[in-house]
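# Overview (structure and organization)
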Amino acid sequence: MTPRGIARLIDAGAARLFGSANPGLDADTLFRGVSGLSRASVLSGRDETVPPDVEARYEAAIIRRERQEPIQYILGSAAFWRDEFLVNNSVLIPRPETEILVEAVAARLRGVEAPLILDVGTGSGCIALSLLRESPDARVIAVDVSEPALTVARQNAERLGLESRTEFRTSDWLEALRVTESFEAIVSNPPYVARADKAGLPPDVREFEPSLALFADAEDVLSSYRAILDGLEGRLKPGGLLAFEVGLGQAERVADLIVKTGLAQLEILNDLASIPRVVLARRP
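Residues numbered from 1 in each chain as written. Predicted model: local features only at pLDDT ≥ 70, side-chain atom pairs only at ≥ 80, totals over all residues. Heavy atoms only, no water.

## Some words on helix α1 (residues 6-16)
Operational definition: Residue burial is assigned from relative accessible area. The probe radius is 1.4 Å, only protein chains are included, and a residue is buried under 20% of its type maximum, exposed over 50%, and partly exposed in between. By definition, any uninterrupted DSSP run of H or I lasting at least four residues is a helix, any uninterrupted run of E lasting at least two residues is a strand, and each is numbered from the N terminus. By definition, the arc is the one covered by directions from the helix axis to the C-beta atoms. By definition, residues are in contact when any of their heavy atoms lie within 4.5 Å.
By the burial criterion, the buried members of α1 are Ile6, Ala7, Leu9, Ile10, Gly13 and Ala14. Each buried residue of α1 sits inside an arc of 165° when the element is viewed along its axis, so together they form one side. In α1, the exposed positions angled more than 90 degrees off the buried face are occupied by Arg8 and Ala15. Buried residues in α1 make contact with α2 (23-35), α3 (39-44) and α4 (52-66).

Spelled out as structure tokens, the structure:
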């Protein structure tokens, strides 16, 4: 392998990523990720020779991206809220619209003393741990049916120094909760994509992100919400908050399900694309 300068190496990588929506950005991001260099260092050192070990790592990353694997999985992390979270193909890649959920819950818990939060289907732990960052005396119980996902979440808690305020449990929805446990807030970004829509998803989502975390029951696209609501009785303290992320066109239908449980003060919040994305309600 003949050593090449940074700019030439990135340009060569971009030329191979013609199937990407933004090959130049992908190639640059992958190079910075494997080299550890900042954007400023890459720009100022465009003619500098790339060490062979860095070039080898970059080549491996480009090969994976050519197969349309998400960049976050290739580099092993994703930015969310205020932190960088470890991710692999056991967990969904955190997305900007989920930050709407974190922002809404954090704002409504402000001033609540030592809130106990339940995160259902925690995945990477990005929601639970971001809420702990916003509420220094909060505690979280985070549940997921996937042991590999919980391993990633625990690693993120340790990296962020939040493990002492977080308890992770293997649970199919709320079944692992104790009878006496109730919460100031219950949050969830559950599986809500219809299986019939799988073919229309981008390849990097369809082929690489975990189906268990993406897709609702084949017969009922709102099955995840029904499962959580079915186990909700007694789980919210008086005035407690329920917060769901929802899929495109689902907000009103999920709101109707929530109303039937007796919760009140219903709110629907849009994401930055003006899509109804978060449904909130409180126990009276």
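Read on, since the account is not over.
## Some remarks on the environment of Leu150
Here Leu150 shows up in helix α8 (residues 147-159). Owing to a relative accessible area of 0%, Leu150 belongs among the buried residues under this scheme. When the C-alpha atoms of Leu150 and Ser90 are compared, they prove to be 9.0 Å apart, with 60 residues separating the residues in sequence. When near neighbours in sequence (up to four residues on either side) are disregarded, Leu150 contacts Thr122, Ala142, Val143, Asp144, Phe168, Arg169 and Thr170.

## Details of the sheet that holds strand β5 (residues 166-170)
Applied cut-off: Pairing between two strands is assigned when DSSP locates at least 2 bridges connecting them. Axes, fitted as lines to C-alpha atoms, cover a helix only where it is in contact. Angles between the N-to-C directions of the axes lie from 0 to 180 degrees.
Spatially, 7 strands are ordered β5-β4-β3-β6-β7-β9-β8 in an open sheet, and the strand pairing comes out mixed. In this open sheet, the two strands that pair with only one neighbour each are β5 and β8 (264-270). For this sheet the average axis-to-axis angle between neighbouring strands, irrespective of direction, equals 15°. Across 5 bridges, strand β4 (residues 139-144) lies against β5 in parallel orientation. Looking across to β5, one finds that Ala142 is bridged to Phe168. Helix α6 (residues 98-109) contacts β3 (116-120), β6 (183-188), β7 (236-245), β8 and β9 (276-282) of the sheet and is inclined by roughly 165° relative to β7. Contacts from helix α7 (residues 126-134) reach β3, β4, β5 and β6 within the one sheet, and its direction differs from that of β4 by about 175°.

## With respect to the environment of Ala78
Among the structural elements, Ala78 can be located in strand β1 (residues 77-80). Given the relative accessible area of 3%, Ala78 is considered buried. Between the C-alpha atoms of Ala78 and Ser135, which are 57 residues apart in sequence, the distance is 22 Å. Those residues within four positions of Ala78 in sequence are excluded, and the remaining contacts are Gln72, Asp83, Glu84, Phe85, Val87, Ile93 and Pro94.

## Some thoughts on helix α11 (residues 223-230)
Structurally, the α-helix is built with 3.6 residues per turn, so residues lying three or four positions apart point the same way. Buried within α11 we find Ser223, Ser224, Tyr225, Ile228 and Leu229. In the core, the buried residues of α11 are packed alongside β3, β6, β7 and α12 (251-259).

## A word on the nonpolar core
In plain terms, the rule: Residues belong to one nonpolar core when they are buried, are Ala, Val, Leu, Ile, Met, Phe, Trp, Tyr or Cys, and are joined through side-chain atoms within 4.5 Å.
Formed by 34 residues in total, the largest nonpolar core has its most connected members in Leu118, Ile186, Tyr225, Leu242, Phe244 and Ile258. Listing elements by their share of this core, those giving two or more residues are β3, β4, β6, α11, β7, α12 and β9. The greatest single-element share of this core, amounting to 5 residues, is contributed by α12. Ignoring sequence-local partners within four residues, the contact set of Leu118 consists of Ile141, Val143, Leu174, Leu177, Phe183, Ala185, Ile186 and Val187. Core analysis: the second largest hydrophobic core is formed by 31 residues, Val105, Leu109, Ala157 and Leu241 among them.

## What to know about the packing of aromatic side chains
Stated formally: Here the aromatic set is Phe, Tyr and Trp, taking the six-membered ring for Trp, and pairing holds for ring centres within 6.5 Å; pairs whose planes are under 30 degrees apart are stacked, those over 60 apart are edge-to-face, and all others are tilted.
Applying the stated criterion to the full structure yields 3 aromatic pairs. With a centroid separation of 5.6 Å and an interplanar angle of 80°, the aromatic rings of Phe31 and Tyr58 are classed as edge-to-face. Of the two residues, Phe31 is situated in helix α2 and Tyr58 in helix α4; the sequence distance between them amounts to 27 residues. When its relative accessible area of 1% is taken as the criterion, Phe31 is described as buried. Ring centres of Tyr225 and Phe244 lie 5.1 Å apart, and the angle between their planes is 75°; this geometry places the pair in the edge-to-face category. One end of the pair, Tyr225, is in helix α11; the other, Phe244, is in strand β7, with 19 residues separating them in the sequence. Using a relative accessible area of 0% as the deciding quantity, one classes Phe244 as buried.

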